Amino acid sequence: MPFPIFASFSLFYSLVFVRVLFYVFANPEDCVTFGKGENAKKYLRTDDRVERVRRAHLNDLENIVPFLGIGLLYSLSGPDLSTAILHFRLFVGARIYHTISYLTPLPQPNRALSFFIGYGVTLSMAYRLLKNKLYL
């Protein structure tokens, strides 16, 4: 088992996963655990900035979940250590830049470029996985 590659993948995945742990309550039914009626409403917030963070969070989920699956299979397939770390670093860097460009907000094509870099890294890992293991 290529332990250094798996350890590197685990490190870089945990860096992007930490961002997924912070939730914002935008729906009344989500606040029920914090109280009933008026007490629950103080946890409910609708704000343009919150909505921007929510959209960034949803975009992270759409990109980080495929990275988890493909990256895990890729790291267990025995790739070259430097190539694997390059893939992981590019993905994490692209996602961090995407978040910064989403929340700041920077003008397009900043956000789109960082999205496509991250998605391209995931596709590159999938291609290398299929090419090396299925001999395509």
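As annotated in an unreviewed UniProt entry, the chain carries the name Microsomal glutathione S-transferase 1 and is attributed to Rhinopithecus bieti. According to the UniProt record, the Subunit (unreviewed entry) comment for the chain is "Homotrimer; The trimer binds only one molecule of glutathione." Looking at the Catalytic activity (unreviewed entry) heading of the UniProt record, one finds this comment for the chain: "RX + glutathione = an S-substituted glutathione + a halide anion + H(+)".

Chemist: Can you walk me through the UniProt feature "transmembrane region" (unreviewed entry) in the chain in this structure?
Modeler: Within this structure's numbering, the places UniProt gives as "transmembrane region" (unreviewed entry) are residues 6–26, 64–92 and 112–130. Counted over residues 64–92, helix gives 86% and strand 0%. Its end C-alpha atoms are 10 Å apart. Secondary structure over residues 112–130 splits into 100% helix and 0% strand, and the C-alpha atoms at its two ends are 26 Å apart.

Chemist: Quick question: what am I supposed to make of the packing of helix α3 (residues 48–76) against helix α5 (residues 110–134) here?
Modeler: When two helices pack together, you describe them by how their axes are tilted relative to each other and by the distance separating the axes. As a packed pair, α3 and α5 sit with axes 8 Å apart at the nearest point and diverge in direction by 20°. Regarding the angle of α3 to α5, the classification is roughly parallel. Once α3 is placed against α5, the crossing between them reads as left-handed. Listed contacts from α5 to R52, N59, N63, P66, F67, I70, G71, L73 and Y74 of α3 are R111, F115, Y119, T122, M125, A126, R128 and L129.

Chemist: Even after reading the chapter, I still don't get the nonpolar core, so can you show me in this structure?
Modeler: Where a protein is soluble and globular, its nonpolar side chains tend to be buried together. Counting residues in hydrophobic clusters, the biggest one holds 14 residues, and the most contacted among them are F67 and F88. With five residues, helix α4 (residues 81–103) is the single largest residue contributor to this core.

Chemist: How should unusual backbone geometry be read in this particular structure?
Modeler: Peptide bonds are mostly trans, and most non-glycine residues show a negative phi. Of note, the amide linkage connecting Q108 to P109 takes the cis form, showing an omega dihedral of 15°. Its location among the elements puts P109 in the loop between α4 and α5.

Chemist: I would appreciate a short explanation of the environment of R128 in the present structure.
Modeler: Secondary-structure assignment places R128 in helix α5. In this structure, the C-alpha to C-alpha distance between R128 and S77, residues 51 residues apart in sequence, is 9.6 Å. Look past the residues within four positions of R128 in its chain and what remains in contact with it is Y74, T83 and H87.

Chemist: Which parts of the structure should I look at to understand the packing of aromatic side chains?
Modeler: The description of an aromatic ring pair rests on the distance of the ring centres and on the angle between the ring planes. For the coordinates displayed, the defined rule picks out five aromatic pairs. Relative to F88, the ring of Y74 has its centre 6.5 Å away and its plane inclined at 90°; by these criteria the two rings are edge-to-face. With Y74 in helix α3 and F88 in helix α4, this pair connects stretches of sequence that are 14 residues apart. Pair check on accessibility: Y74 and F88 agree, each one buried. Measuring from centroid to centroid gives 5.1 Å for F115 and F116, while their planes differ by 70°, and the two rings are edge-to-face. Members of the aromatic cluster, connected to one another through ring pairs, are F67, Y74, F88 and F91.

Rules used throughout
Residues numbered from 1 in each chain as written. Predicted model: local features only at pLDDT ≥ 70, side-chain atom pairs only at ≥ 80, totals over all residues. Heavy atoms only, no water. UniProt positions renumbered as here; feature names shortened; annotations may be inferred. Helix = DSSP H or I, 4+ residues; strand = E, 2+ residues; numbered from the N terminus. Axes fitted to C-alpha atoms, helices over the stretch in contact; angles between N-to-C directions. Parallel < 35°, antiparallel > 145°, perpendicular 65-115°, else oblique. Left-handed = near helix turned anticlockwise from the far one by under 90°. Contact = heavy atoms within 4.5 Å. Core = buried A, V, L, I, M, F, W, Y, C linked by side-chain atoms within 4.5 Å. Buried < 20%, exposed > 50% of the residue type's maximum accessible area, 1.4 Å probe, protein only. Phe/Tyr/Trp six-rings, centres within 6.5 Å; stacked < 30°, edge-to-face > 60°.

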